[in-house]
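Examining the three-dimensional arrangement
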Amino acid sequence: MAIVKPFQCVRPDKEEASLVAALPYDVYNRKEACQVTAENPKSFLNIDRPETQFPQDVDIYDDRVYEKAAGMLKDWIKDGTFAQDGTKAYYIYELIMEGRSQTGIVACSSIDDYLNGVIKKHENTREEKELDRIRHVDTTDAQTGPIFLAYRSVLEINRLVEDKKKTEPLYDFTADDGISHKVWRIADPETVVVIEESFLRIPATYIADGHHRAASAVKVGLKRRKETLEYTGEEEFNFFLSVLFPDDQLMILPYNRVVKDLNGLSREAFLTELSDGFTVTSVGEEAYGPSEKGTFGMYLNNTWYCLKAKDALMSEDPVKGLDVSILQDNLLGPILGIGDPRIDKRIDFIGGIRGLKELEKRCEEDMTVAFSMYPTSIKELFSVADAGLLMPPKSTWFEPKLRSGLFIHMLK
């Protein structure tokens, strides 16, 4: 059963919400983050990436950086940019991208569910990325970036959400990137109980995006358990901020690959080696994205190809059967010499939101060959997580991205 609780949200003033709402902290490098915060001093990125408030020679992990985030959050609450709701509530959060809507419930999930496997994961985390968010959460006493969770769709919850969406929203704005955002608040006790009990009947939720943020929130919670003398289990640090979406509303975009060279092979020798495991068909100069599983696009020397994996490469195994695994295990690794894609500098990954032309552009600039992927499905993600296995790196790209700053969960 999934413990999904209402919380006393700190959120922006209605007039400020569109300015405050920011893309996740980790989609920017330092230079990009500084540019965003310089252009918009109300962007929540100022708090999520507090190094933007310092000269470039100040280390991003300096104690002063995290203290600055905590100070800015307090200042923004004090000046009315943010206010805390008086009672605990759930929130409905709808994002609309190119006419397609997905609607989730903003709530707090249990760190114990994370520890005991009710919240299922599909990728490993890196300690250095965790440490930054651990310090940010611990110093600010707040979780500022929601973890994107998914669950198998429940009719009762869907009906309740759709009914609430017929009422006037708290927020309703369209961001600069064209994504529309709407938020509603659910605080009446009867509906709150229905939502909480409905999630208690759900056997599992799944991290779609935000593994590092989730791991960091859990570690802060465990740390504070040890520090709390009269521990009850109801303290806010036992829960982390999340937005939970039904699986049938989610869309995963492909996560494409580009490789710097052909590993010493000529074009002809490379194509010959490919033919052992793939049926290779030239499709010309028009950009090609695959329309079915087991099929890949390839861009090489200004020509697009269709690569169709032969039956011998297909697998029923939840991980080996993923298209990203088929490509890595039978082409990127053995032919192009990409041993560990997490650390190999010869490979790069491009989210599907950037389109196929970005693959062509990279091959003109600094890469040699590109591969367009068929997207991993949410069903495949669930299968991997249910089996207790891990996906290869860069297997999923979710759009639209949740905004930070619309919902803040205070730890005390």
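Whatever comes next refers back to the structure up there.
Successive side chains on a regular strand alternate, one facing one side of the sheet and the next facing the other. Counting buried positions along strand β17 (residues 303–309) gives six out of seven residues, so the element sits mostly inside the fold. Pairing between strand β15 (residues 278–284) and β17: six bridges, direction antiparallel. Directly across from G284, in β17, lies its bridge partner W304. Here strand β16 (residues 295–300) runs beside β17; their pairing, made up of six bridges, is antiparallel. Residue pairing across strands places M298 opposite Y305, the latter belonging to β17. In textbook terms, the turn of a hairpin is the stretch between consecutive antiparallel strands, and for β16 and β17 this stretch comprises two residues, one of which, N301, has a positive phi near 50°.

The next subject is the pattern of salt bridges. According to the stated counting rule, one finds 34 salt bridges in the structure shown. Several salt bridges converge on common partners, so that one network encompasses D138, D141, K223, R224, E227 and K412.

Where burial is concerned, most of strand β8 (residues 147–151) is hidden: five out of the five residues are buried. Side chains of β8 alternate between two faces, with I147, L149 and Y151 and F148 and A150 buried alike. As defined by bridge partners, β8 adjoins strand β12 (residues 239–246) across five bridges and the pair is classed as parallel. Bridging across to β12, I147 finds its partner in S242. Where β8 and strand β11 (residues 205–209) come together, three bridges link them in antiparallel fashion. Each residue of the ladder has a partner; that of A150, found in β11, is Y206.

Here we come to the sheet that holds strand β18 (residues 347–351). Ordered by their spatial adjacency, six strands build an open sheet running β15-β17-β16-β19-β14-β18, and the pairing between neighbours is antiparallel. A strand with exactly one partner marks an edge of an open sheet, and here the two such strands are β15 and β18. Along the sheet, successive strands turn relative to each other by an average axial angle of 25°, direction set aside. Note that strand β14 (residues 255–259) and strand β19 (residues 369–372) share three bridges and pair antiparallel. Residue pairing in the sheet places R257 in a bridge with F371 of β19. Here helix α10 (residues 267–274) sits on the sheet in contact with β15, β16, β17 and β19, set at roughly 175° to β16.

Time to look at the state of the cysteines. Two cysteines form a disulfide when their sulfur atoms are joined by a covalent bond. For the structure shown, the criterion picks out zero disulfides. Residue C9 stays outside any disulfide, its sulfur separated by 8.7 Å from that of C108, the closest cysteine.

With that settled, consider the environment of G277. Inspection of the secondary structure assignment puts G277 in the loop between α10 and β15. Look at G277 and you get buried, because its relative accessible area is 13%. Once the C-alpha coordinates of G277 and L307 are considered, the two residues, 30 residues apart in sequence, prove to be 9.2 Å apart. Setting aside anything within four residues of it in sequence, one finds G277 in contact with K308, A309, K310 and L313.

Reading the values: rules and limits
- Residues numbered from 1 in each chain as written.
- Predicted model: local features only at pLDDT ≥ 70, side-chain atom pairs only at ≥ 80, totals over all residues.
- Heavy atoms only, no water.
- Buried < 20%, exposed > 50% of the residue type's maximum accessible area, 1.4 Å probe, protein only.
- Helix = DSSP H or I, 4+ residues; strand = E, 2+ residues; numbered from the N terminus.
- Pairing = 2+ DSSP bridges.
- Salt bridge = Lys/Arg side-chain N within 4 Å of Asp/Glu carboxyl O.
- Axes fitted to C-alpha atoms, helices over the stretch in contact; angles between N-to-C directions.
- Contact = heavy atoms within 4.5 Å.
- Disulfide = S-S within 2.5 Å.

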